[in-house]
Amino acid sequence: MTRAIAAAALYRPAWERDGRTVEGPDEDALTLAVAAAELLPPRPQPVDELHWVGPAPAGADWALPEALDLGHLTLRRHVGEPGSLYRALAAAAAASGPGVSLVIAPEMSGVPPASGPHGAAAAALLLADGPGLRPRAHGGRRHPRGSLPDALTWVRALSAGTGLAVDRPGRLLVRAVRPPPVLLAAVARDLPGVVIDTGPDAAGPPAAGPMIAEALGLWDLLALAEAPACVALARIEPESSVFAGFEATGPVAWTGAWNEAAPPPRRKWSPPAAEPDLRTAISEGAYVPRPRYLENLPARWRLAAARCGACGALSFPPRSTCRACGSSAALTAERLPDVGHVESVTTVAPGAQPTEFDAQVAAAGAYDVAMVAFAPGARLTLQVADLPPGTLRIGDSVRTSLRRLYPMDGEWRYGRKAVPVPGAPAP
Amino acid sequence: MAGRRAAMVGAGHTRFGVLPEGPRELLRSACDAAFASVDRGLERSRVDEAYLGSLGFSGWQLGNASAILAEEARVVGTPVTRVENACASAGFALRSGVHAIESGAADIVLVAGLEKMTDVASARRRYWLGVSGDTEWERLAGLTFAGVYALIAARHMAEHGTPPEALAEVAVKNHEHARLNPNAQFHKAITRADVLAAPRVAAPLGLLDCCPVSDGAAAVLLAGEEIARTLTDTPVRIAGTGAGSDFLALQERPSLTSLAATRRAAAQAYRRAGWGPERVSFAEVHDCFTIAELVALEDLGFAAPGGAAELTTSGATRLGGRLPVNPDGGLKAKGHPIGATGASQAYEAFQQLRGAAGRRQVRGAERALAHNVGGSGASATVTLFEVSGP
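Residues numbered from 1 in each chain as written. Chains lettered and ligands numbered in written order. Predicted model: local features only at pLDDT ≥ 70, side-chain atom pairs only at ≥ 80, totals over all residues. Heavy atoms only, no water.

Peer 1: Could you clarify how one ought to interpret the sheet that holds strand 16 (residues 314-315) of chain A in this entry?
Peer 2: Think of a sheet as strands paired side by side through backbone hydrogen bonds, with each pair either parallel or antiparallel. All names here are of chain A. On the basis of which strands lie adjacent, the open sheet formed by three strands has the order 16-15-17 and antiparallel pairing. Each edge of the sheet is formed by a strand with only one pairing partner; in this case those strands are strand 16 and strand 17 (331-335). Alignment of strand 15 (residues 304-308) against strand 17, held across five bridges, turns out to be antiparallel. Each residue of the ladder has a partner; that of Ala305, found in strand 17, is Glu334. (Pairing = 2+ DSSP bridges. Helix = DSSP H or I, 4+ residues; strand = E, 2+ residues; numbered from the N terminus.)

Dropping the structure here:
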């Protein structure tokens, strides 16, 4: 193994239903994955591996690399549970070469539907050569139906499998959901000093589904790994147990919603009784042929503008000539700044939306559309996501987030919407 | 500028509104009325060229709609060209007709505008109402035209302090004017409070800031000026035409509060006519939304940037004021059958400059301006009319 987790980010949608976090009306696993990846700090080296953990929607194999400007990479997918996140981390850590690995685990609120309440979130982890949290071992199994998990066996297996000294105080974290008393007693007897955590994530409704729970478990490790040392994690649930061992050799940059002391207020929406039928949802819409959609992806998904080599002006969206001087030579792609400012904004009332947004309006109501300036010569008309309508003001700063836009020709089409800048005062 | 001039010798207009008539009947009525209005009569066989302005709303006859005009105007055999520049379709059709005459290629030209909008199912109508905006960057960001003009309005308010009351006054005035126009869609007076309290469509624009969906047709007959004098004693001369284009999407234009296409069209038309905004007796401007009239007044040179609100609230743009604007009720209250509007504006100039506008007559009207905008300003025409002197 040559790579360790150097940075990690957790994205949580701004929407809730029945007290838990859910994806917004224009979010799905792809947009969650992109949102998490974009929370990571700048990558020290080029990404040469891209891993997706969990079920992926149709098209994710090409769409995620394209959205992250990693179109030359093949998406490696890790499906199956429990422990698929740890398997992905082990695979990513085993990579060699000068690059870095990205592991992204998005999870929709409805997955899996049968195992109780879950929230929507996505974790993104960056693995690089150097100090960090180094995967050492992993494993897991599903308990036979109806049987009590032999948790203590798993805790011991974790110790054996990782070679980590789990009997040292504070070096092993056991997360248990509804822990059987026998487990608590056995651990206390045989492994003095081991932390049994039945904290908020473990005791109450999980903040997220299995994959994200694993990612959240990683965050707990951070508390144990303040000094370089070996640490390990076990997670025991009524249906399955997973374990993973890590060696902490340096700090990890944690960003996003890992531990929101005061999470921002969440908005509510109601999903339609059924997803729109993508084959028929286009009948009253404007038509964008697929090749036209695809050729604009660099601009629409990654805000790629064109810088003119002749006059220096920026053109957006890029076309074959410079908007300012007409030159068609020496146009080079340049990504717009992440943050722009609102030059104008309107609230589109229900009924005034183009037909493409009928389903969204039915689910979530009115929305704002803003004219946002990112640089001289580069404005975008952007629908506003996540904020209550009517709250954005001229002069506010916004950034962008990839979202579902409209269904056409049997697929969802995606583009960027304006979202609030994290940390900025609520408008 | 020397050269041959074109003049209007006849004009016809249907009612505007939610009408039982279909597109063929509307065209036939407008054309029949135009021919009937020529004082000394005009044989249809003398028409050398015809132009039809139409968006093709609903797609009922999207391709080759020119043949419908040939049939209903009973000029089959005459070359007919359909012109499509969204809401400015007939403005550009008129301009093409003027050019045909000024160039000497034609002596008599029929220009008609048509739209049939209210017989379309609701979802399909909303589709068609958005087809002339930038599809990928505006429509699919969630904007129809109300939303695009709302962005213009919000920015105009922020830059110039334009008060909501000034927008409301545009609607109040144009509704007042429309009460005097038997062809208008609305004959109901409204108050500023009504406008301000109406449900928002795309804030800051509300329902009463928006023009309606309308059916209707209008037609004018043009002739070389020397021929026009043989057909009527009171032709209305086309003093100048101008037109301009701009980026399709608002986001690509340098200014959010001014339409460069209008400014270019106006400069060209004033230059061609040899006179400017200070000599205009009344103006027909493209008020698809109330903010559009304010922006137009500034772009056409009637007010400085930011000055249209004051001009409007002062009452100067009402009938009887210094510069009556939209004496026929404008798009806002007369109605806006998309492809017909440019021809309807020319019809109003024809009536007013011949002193035949009835209760809405602008006293002493000698020069008129018509301003027709496509979409949010990707295209625009300005046409100047004057009483044809000896």
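Peer 1: Whenever I open this one, the nonpolar core confuses me. Can you help?
Peer 2: Note on soluble globular proteins: their nonpolar side chains tend to be buried together. Within the largest apolar cluster, 62 residues are counted, with the highest numbers of intra-cluster contacts made by Tyr149, Phe289, Ile291, Leu300, Phe302, Leu369 and Leu384 of chain B. In terms of residue count, the dominant contributor to this core is helix 5 (residues 145-160) of chain B (nine residues). Core analysis: the next-biggest nonpolar cluster, separate from the first, contains 42 residues, Ala36, Ala63, Val100 and Trp301 of chain A among them. (Core = buried A, V, L, I, M, F, W, Y, C linked by side-chain atoms within 4.5 Å. Buried < 20%, exposed > 50% of the residue type's maximum accessible area, 1.4 Å probe, protein only.)

Peer 1: Before we go on, may I ask you to explain the pairing of strand 3 (residues 80-83) of chain B in this structure?
Peer 2: Within a regular strand, the side chains alternate between the two sheet faces. Residue and element names in this part refer to chain B. In this structure, strand 2 (residues 49-53) lies alongside strand 3, joined through four bridges in parallel fashion. Bridge pairing links Ala50 to Val80 in strand 3. Note that the unit made of strand 2, helix 2 (residues 66-72) and strand 3 has a crossover that is right-handed. (Right-handed = clockwise from strand over helix to strand, strands pointing away.)

Peer 1: It is not clear to me how the interface of chain B and chain A should be interpreted in this structure. Could you clarify?
Peer 2: By a widely used convention, the size of an interface equals the accessible area lost when the partners come together. Listed by partner, the interface residues are 32 residues for chain B and 37 residues for chain A. Together chain B and chain A conceal approximately 3,100 Å² of surface at their shared face, both sides included; 55% is due to carbon and sulfur atoms. Between chain B and chain A we count four salt bridges in total. Residue Glu252 of chain B pairs with Arg323 of chain A through a salt bridge whose shortest N-O separation is 2.8 Å. (Contact = heavy atoms within 4.5 Å. Buried area = accessible area lost by both parts, 1.4 Å probe. Salt bridge = Lys/Arg side-chain N within 4 Å of Asp/Glu carboxyl O.)

Peer 1: For this particular structure, what's the right way to read the pattern of salt bridges?
Peer 2: Where charged atoms of side chains with opposite charge meet at close range, the side chains can pair. Residue and element names in this part refer to chain B. A full pass over the atoms with the stated rule returns 49 salt bridges over all chains. Between Arg272 and Glu102 there is a salt bridge whose closest N-O contact spans 3.0 Å. Here Arg272 is found in helix 9 (residues 260-273), whereas its partner Glu102 is found in helix 3 (residues 89-102), with 170 residues between them in sequence. Here Arg272 matches Glu102 in class, with each residue buried. If you follow the salt bridges from partner to partner, you end up with Glu225, Arg229, Arg237, Glu366, Arg367 and Glu386 in one network.

Peer 1: Even after reading the chapter, I still don't get helix 5 of chain B, so can you show me in this structure?
Peer 2: Each α-helix turn comprises 3.6 residues. Residues three or four places apart therefore point the same way. Residues and elements named next belong to chain B. The end-to-end C-alpha distance of helix 5, which contains 16 residues, comes to 22 Å, matching closely the 22 Å that a straight helix rising 1.5 Å per residue would cover. Helix 5 sits mainly inside the fold: 13 of its 16 residues count as buried. Immediately downstream of helix 5, the backbone of Gly161 shows phi near 70 degrees, a positive value. (Expected span 1.5 Å × (residues − 1).)

Shape descriptors only; they carry no functional weight alone.
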